[in-house]
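# Survey of secondary and tertiary structure
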Amino acid sequence: MRILFCDNVCPGRFGSMPAALASDPANEVMFLSFYPRDDASTPGVVHARLRLDREPVVPGSEPYVEEWGRAFKLGRQTYRTLRRIRDSGFVPDMLFVAFSGGPALFIRHVFPEAFLVSCFDVMRRRDEGQDRAERFMAVRDMQIYQLTQSDMGAARSEAQKRTFPSALRPRLFILPPHVDTDFFSPRAEDATEFFPQAVAASEGDVVTFHMKGAGRSAHGAARTVWGLLSQRPQCRVALTFGNNGVRETWEKLCASLPDDWRHRLFFAGGLDRETYRRLLRVTSAHVFPEYARPPFQEMLESMSCETLALVPAPDGDDDLLKDGETVLTLPEDSDAQIAKIGAALDHTEEAERVRKNARRVMASRCDERAVFSEFLAQVMAEYETFRTDGRR
């Protein structure tokens, strides 16, 4: 069987599933991603790179139309890459897709006969302002459209499943949140790998900011970073950007900072999986400033490493993200963020309790081996029905 996985990063949400399927000699597995990761995490899997021109969404008079226009552009770019994969001779029997926001828009035009499994992100609704409400509706409708083209869909929870039209719910299954708890595990590491010149701060805290996709929140995050560097002389700050030009912008912005500040800053591009884990392990607090589409998977990876996660106010169905139990809620105002992060770093007993409880929850509820075993059994059963009955 030929199997194609699609996600922004590799292995991303699919964890050990591609490698597990590739271990069967009867399977050929390819992974298409925008942000690649180290090959060691996906042995036996062929990697393909998706290069997208991700234009920022500029506020305008018709946000709903603009969001769909942006999705069309991303979908058209991905369509060209998928055609190259098809023309190379790799025609998948099964597709696993976790793209959101448009890249999968035209996937059926390229692979009309493949068994398509679409995995959907949890969306956070922010009702402040008509602009945000319309953009939320656009992304929701993209998910509905994607499900209409899919043979099988995967929601994270029953609450998320109920957000889809009732007529489509029978093809939705539950793929609970999951993380490789063996790999993402707590252990002491040396932070000097990331801050070799911050001698005076060698015993201080490390605060990591997740800046991938932090659009409107990026300006506020900058104020928070400057505040931490100014008010906490022993604090070191890591900013993770992935493989994009935003990192270069920040490096230029920080070039004129005092030496002491610059030595306490680390700008991370596309880290390989091992280095990314070491960064999580040395991080005292991992801050996720993006409210619109926060990176849920990286939150789970941080929690599994026993790293304190500060996240946007959880929605009602995010039962893994409980303020004061597994995470701490991050306010939107920069001054309030500085105070909240500082309090978390100072009140070490409370932070330690939250960290350890988060790790226990990840190990007991989110171990990906158990989650994937059950889900793959469901996928294969549906695939057999699809093959024998020709159900679409």
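Report on the accompanying structure. (Residues numbered from 1 in each chain as written. Predicted model: local features only at pLDDT ≥ 70, side-chain atom pairs only at ≥ 80, totals over all residues. Heavy atoms only, no water.)

On the secondary structure map, Asp272 appears in the loop between strand 10 (265-268) and helix 9 (273-282). Put simply, Asp272 and Ala40 are 232 residues apart on the chain and 9.3 Å apart in space, counted from C-alpha to C-alpha. Here the side chain of Asp272 touches Glu274 through a polar contact of 3.1 Å, landing on its backbone nitrogen. (Helix = DSSP H or I, 4+ residues; strand = E, 2+ residues; numbered from the N terminus. Polar contact = N/O pair within 3.5 Å; in protein donor to acceptor, adjacent residues only side chain to side chain.)

What follows is about the nonpolar core. Membership of the largest hydrophobic core comes to 31 residues, with the highest contact counts inside it found for Phe184, Phe195, Leu300, Met303, Leu320 and Met362. Those elements that place two or more of their residues in this core are strand 10, helix 9, helix 10 (296-304), strand 12 (308-311) and helix 12 (348-365). Non-local contacts of Leu300, meaning those with residues more than four positions away in its chain, are made with Pro177, His178, Val179, Leu320 and Met362. (Core = buried A, V, L, I, M, F, W, Y, C linked by side-chain atoms within 4.5 Å. Buried < 20%, exposed > 50% of the residue type's maximum accessible area, 1.4 Å probe, protein only. Contact = heavy atoms within 4.5 Å.)

A complete count under the given rule lists 23 salt bridges for this structure. Here Glu28 makes a salt bridge to Arg2, at a shortest N to O gap of 3.3 Å. Of this pair, Glu28 sits in strand 2 (residues 28-35) while Arg2 sits in strand 1 (residues 2-9), and the two are 26 residues apart along the sequence. Take Arg2: its relative accessible area is 27%, and that puts it in the partly exposed class. The residue Glu189 makes a salt bridge to Arg281 at a minimum N-O spacing of 3.0 Å. With Glu189 in the loop between strand 7 (172-174) and strand 8 (206-210) and Arg281 in helix 9, this pair connects stretches of sequence that are 92 residues apart. On the basis of relative accessible area, Arg281 is assigned to the buried category, the value being 13%. Salt bridges here are not isolated pairs; linked through shared partners, they connect Glu66, Glu67, Arg70 and Arg135. (Salt bridge = Lys/Arg side-chain N within 4 Å of Asp/Glu carboxyl O.)

From the geometry alone we can't say anything about function, so treat these as descriptive.
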